[in-house]
Amino acid sequence: MGASRRRVEDDRFIRGKGSYIDDVVLPGMLHMEILRSPLAHARIKSIDTSKAYAIPGVRLVLTGEMMATRNLAWMPTLSYDTQAVLATDKVRFQGQEVACVIADDPYVAKDGCEAISVDYEPLPPIVNPEQAMAEGAPLIRDDKENQRDNVAFDWAVGDKDGTDRAFAQADVVSQIDLHYPRSHPSPLECCGSIADFNRATSKLTVYMTTQAPHIVRAAVSLIAELPEHMIRIISPDLGGGFGNKVPVYPGYVMAILASILLERPVKWIEDRSGNLISTGFGRDVYLHGEVAMRRDGKILAVRMNTVSDHGAFFADAQPSKFKIGLMHSAFACYDIPYAHLAARGVYTNKAPGGVAYRCSFRVTEAMFFQERMMQAAADDLGMDQAAFRRINFVRDDDFPHRTPYGFLTDSGQYGKCLDVAMEAIGYENFLRQQQEARKEGRLLGIGISTMTEPLGAGNSREYDILGIKMFDSAELRVHMTGRAILRTGAKTQGQGHETTWAQIVAHELGLPADDVVVEEGDTDTAPFGMGTYASRSTPVAGAAVAMAARKVRAKSRKLAAHLLEVSEEDVEWELGRFYVRSAPERGVSIQECAMAAYSNMPDGLEPGLEATAYYDPPNLTWPFAAYICTVEVDPETGVWDVLNFVAVDDCGVRINPMIVEGQIMGGLTEAYAMANMQFITFDAEGNCVGGNFMDYLLPTAWETPGYELHEVVTPCPHHPIGAKGVGECATVAGPAAFVNAVVNALQDPRVRNIDMPVLPDRVYEAITRRHDVSGAPPVKND
């Protein structure tokens with residue numbers, strides 16, 4: 001534990017030996033391509049597939065009408081809504097699936113799609129919540145019985161009466177309006193699947209780019225009406241996921257039906273344009289935030305009113321009982337008596353949103369809103385932003401702490417983390433430099449973001465998806481030679497599970513990590529698990545690994561007592577070895593115990609050395625981060641450059657520090673991209689603007705700033721190894737630090753907000769026109 005062991009999985013990746021969906025070739029395999037709607041909102045008058053069928057090599061063309069005859073035109077979402085597999089009545093967003101062609105090769109299939117003729121009757125498109133909620137707005141979900149407007153849900157949490165009383169007593173009330181724009185996970189590998197239905201055995205095998213194989217198996221069983229034990233989901237190496245590969249996409253369902261109908265394997269590989277305009281987006285939430293304060297800086301209460309744009313279907317991947325995810329985790333690191341959150345979700349003519357893009361169920365929006373509200377509040381008080389945070393932090397001796405929205409945080413050293421960050425950045429010295437620079441016409445800014453976020457759902461009393469509780473599992477088998485195989489219900493997409501899980505086993509049993517092989521992603525061999533997203537890896541699956549290893553160790557103790565011819569109570573343990581308490585020189589290794597499990601068992605003890613553990617966490621884990629960013633803004637162009645970025649993370653016990661640092665650097669780079677350059681939006685006609693990598697920019701090594709990383713370690717008191725999780729912290733907390741720094745550089749009380757991405761033209765507009773700059777759609781299409 002704590003060793004920076006090199007990632008064992010990289011040996012195959014850097015040599016091009018990974019096994020991805022498109023590497024899988026099955027005998028007799030056909031290929032599928034999808035025809036997508038060019039319009040955002042239109043009635044389908046007719047679909048003519050005759051010319052497609054006339055193309056040699058085309059085997060099947062599926063339409064919504066054909067899917068409907070098999071009750072497969074619609075499917076359930078992970079949020080108890082319904083989503084069209086293939087459009088029947090009308091299309092509801094640009095890029096929606098209208099038909100698909102299965103052919104001998106992908107090029108013939110694409111030709112077949114181009115030969116399909118669709119007669120559309122255009123309808124008025126809606127691209128933002130204001131339009132959706134306007135009186136007389138076109139009804140998007142007219143397929144839903146009793147749906148009379150474009151509201152998907154209304155939800156509230158917190159103490160409204162207490163919050164109202166606190167606001168009435170406040171000396172100062174700070175307000176701000178924000179929009180967290182759509183972001184796209186943009187994995188290296190797009191989505192894809194190969195469905196292979198065997199008529200002789202009635203077994204369906206699906207190779208699939210999924211982060212949650214067992215959940216997908218359950219969903220496929222419901223949709224395809226096949227028994228779950230006759231479905232096998234195999235998720236091979238994934239070229240990134242970031243939340244994009246959690247949902248069940250229409251392409252998966254179409255490929256499965258096509259394989260059943262044709263009795264041949266059917267492969268679907270999504271292209272980049274299809275991925276950018278149609279698969280799950282993240283974010284797209286609007287906030288009106290208010291903070292009630294005393295003049296000395298103490299926060300009395302907060303109000304958050306959010307409206308989330310869910311696109312055409314409510315397809316969020318999140319715990320069932322929380323309609324807006326864990327948005328109410330905001331302000332968990334601050335000691336605030338009262339808070340109230342009112343959330344509304346609306347339908348628009350955009351691709352379904354709400355995918356947790358490297359965040360734990362809307363936590364990224366929660367923490368961005370929180371830290372932008374904190375900076376605005378500090379400015380309204382005329383108080384230093386670091387001092388304002390420190391006044392309101394939860395104290396070290398106030399854990400476990402109940403947040404104003406009802407969460408229970410576990411542990412932390414919030415003030416210490418901020419101290420480390422301020423010292424590393426040279427906080428007071430930079431403030432002096434900032435004032436000197438302003439005299440020269442230079443704009444320097446400093447931004448802070450401090451947050452604790454809930455990771456590791458978890459806690460089956462409160463958390464489920466589609467009614468399935470969110471525990472996780474691990475199965476450890478130690479062979480007679482002392483080598484082991486570990487299988488878990490998680491699914492890595494780059495987190496380093498094969499390295500980290502083996503280190504946990506090594507820490508618990510003393511087996512060399514190189515002697516532990518890790519397997520994931522096959523529902524026929526892996527124990528049931530909820531998959532990998534929302535930073536569940538170490539907090540939940542990693543805990544299951546530790547518990548399985550401890551079960552193996554407990555049985556090994558019995559074997560050691562037998563081999564040493566003493567009672568079990570006389571046996572002591574040190575890493576990799578049992579010994580007699582009264583005679584430490586007499587001992588046996590864990591490998592000798594493994595051999596005895598198959599060759600020298602005591603009476604009454606089962607042979608073999610293996611264990612399965614299902615871990616249901618007692619609570620979420622709560623890592624903390626303090627990030628400080630300094631920037632310089634060019635007043636003539638609006639271009640801003642990062643001068644320095646200090647990140648202090650307290651993620652509890654670190655299993656592999658090198659992997660943790662890689663996760664933080666990757667997360668900060670995604671945060672920088674969202675704050676600075678990733679712009680995907682919609683024009684008034686519902687056309688997706690940014691549906692390619694010429695417009696939706698990804699940071700390269702040239703643009704990405706450097707990061708200075710520090711750590712504070714506060715072990716989680718209820719986790720088996722004290723870990724809290726870290727995979728998403730940087731992406732969650734990072735954006736606010738960048739934006740706060742740019743707004744701070746302007747130091748204009750009339751400029752309270754510039755929506756992300758903070759593009760140079762937006763900064764220039766804020767400087768010259770001295771007002772807030774919104775990035776909400778629609779944008780001009782000229």
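Placed above this text is the structure.
Below: a short report on this structure. These numbers were taken from a predicted model, which means no experiment stands behind them. (Residues numbered from 1 in each chain as written. Predicted model: local features only at pLDDT ≥ 70, side-chain atom pairs only at ≥ 80, totals over all residues. Heavy atoms only, no water.)

**A look at the overall build of the protein chain**
The helix and strand tally for the protein chain stands at 19 helices and 34 strands. A compact globule built from 782 residues would reach a C-alpha radius of gyration of about 28 Å, and the protein chain, at 27 Å, matches this within 12%. For the protein chain, the spread of C-alpha atoms along the principal axes amounts to about 85 × 75 × 50 Å. Pairs at least 24 apart in sequence give 79% of the contacts found in the protein chain among residues at least 6 apart. For the protein chain, the computed accessible surface area is about 28200 Å², with 50% contributed by carbon and sulfur atoms. In the protein chain, the 74 positive side-chain charges and the 103 negative ones have mean positions that sit 2 Å from each other. (Helix = DSSP H or I, 4+ residues; strand = E, 2+ residues; numbered from the N terminus. Rg over C-alpha atoms; globule rule 2.2 N^0.38 Å. Contact = heavy atoms within 4.5 Å. Areas by Shrake-Rupley, 256 points an atom, 1.4 Å probe, with all protein chains shown as cover. Lys, Arg positive; Asp, Glu negative; His and termini not counted. Charge placed at Lys NZ, Arg CZ, Asp CG, Glu CD.)

**Considerations on the packing of aromatic side chains**
Applying the stated rule across the entire model yields 28 aromatic pairs. Seen from their ring centres, W640 and F738 are 6.4 Å apart, and the 45° between their planes marks the pair as tilted. Within this pair, whereas W640 is found in strand 31 (residues 640-650), its partner F738 is found in helix 18 (residues 729-746), the two being separated by 98 residues in sequence. This pair shows no difference in class: W640 is buried, exactly as F738 is. For the ring pair F645 and Y707, a centre distance of 5.8 Å and an interplane angle of 85° mean the geometry is edge-to-face. Here the residue F645 occupies a position in strand 31, and Y707 occupies one in the loop between strand 33 (688-689) and strand 34 (708-711), the gap between them amounting to 62 residues. Since its relative accessible area comes to 0%, F645 is described here as buried. Judged by its relative accessible area of 14%, Y707 falls in the buried class. Here a set of aromatic residues connected by ring pairs shows up, and it is made of F331, Y334, F393, F399, Y414 and F624. Looking at R182, its charged tip hangs above the ring of F281, at a distance of 4.7 Å from the centre. When the ring centre of F167 is taken as reference, the NZ or CZ atom of R303 above it lies at 3.9 Å. (Phe/Tyr/Trp six-rings, centres within 6.5 Å; stacked < 30°, edge-to-face > 60°. Buried < 20%, exposed > 50% of the residue type's maximum accessible area, 1.4 Å probe, protein only. Lys NZ or Arg CZ within 6 Å of the ring centre and 35° of its normal.)

**Section: the packing of helix 17 (residues 657-676) against helix 18**
Where helix 17 contacts helix 18, the axes come no closer than 8 Å and their chain directions differ by 45°. One finds that helix 17 runs oblique with respect to helix 18. You can see that helix 17 and helix 18 cross each other, and the crossing is right-handed. Counted together, I664, G667, L668, E670, A671, Y672, M674 and A675 of helix 17 and A730, T731, G734, P735, F738 and V739 of helix 18 form the full contact between these two elements. Taken together, the residues that form the contact of helix 17 with helix 18 break down as 10 nonpolar, 3 polar and 1 charged. (Axes fitted to C-alpha atoms, helices over the stretch in contact; angles between N-to-C directions. Parallel < 35°, antiparallel > 145°, perpendicular 65-115°, else oblique. Left-handed = near helix turned anticlockwise from the far one by under 90°. Nonpolar A, V, L, I, M, F, W, Y, C, P; charged D, E, K, R; others polar.)

**A short note on the pairing of strand 29 (residues 610-615)**
Of the two faces of strand 29, the one holding A611, A613 and Y615 is buried and the one holding E610, T612 and Y614 is not buried anywhere. Bridge count for strand 23 (residues 472-478) against strand 29 is 6 bridges, and the pairing is antiparallel. Directly across from D472, in strand 29, lies its bridge partner Y615. (Pairing = 2+ DSSP bridges.)

**Side note on the sheet that holds strand 27 (residues 577-580)**
Taken in spatial order, the 3 strands make up an open sheet running 26-27-28, and their pairing is antiparallel. A single partner strand is all that each edge strand has here, and the edge strands are strand 26 (571-574) and strand 28 (583-589). Between one strand axis and the next, the sheet turns by 35° as a mean value, whatever way the strands run. Sheet strands touched by helix 15 (residues 537-564): strand 26, strand 27 and strand 28. Its angle to strand 27, the strand with the most contacts, is close to 45°.

**Let's talk about the nonpolar core**
The biggest cluster of nonpolar side chains holds 133 residues, and the ones touching the most others in it are Y627, W640 and F645. In terms of residues, this core owes the most to one element, helix 18, which gives 13 residues. Setting aside residues up to four positions removed in sequence, F645 forms contacts with Y627, I628, C629, L668, G706, Y707, E708, A737 and F738. In terms of nonpolar packing, the next biggest core, distinct from the first, is built from 48 residues, A490, V505, V516 and W573 among them. (Core = buried A, V, L, I, M, F, W, Y, C linked by side-chain atoms within 4.5 Å.)

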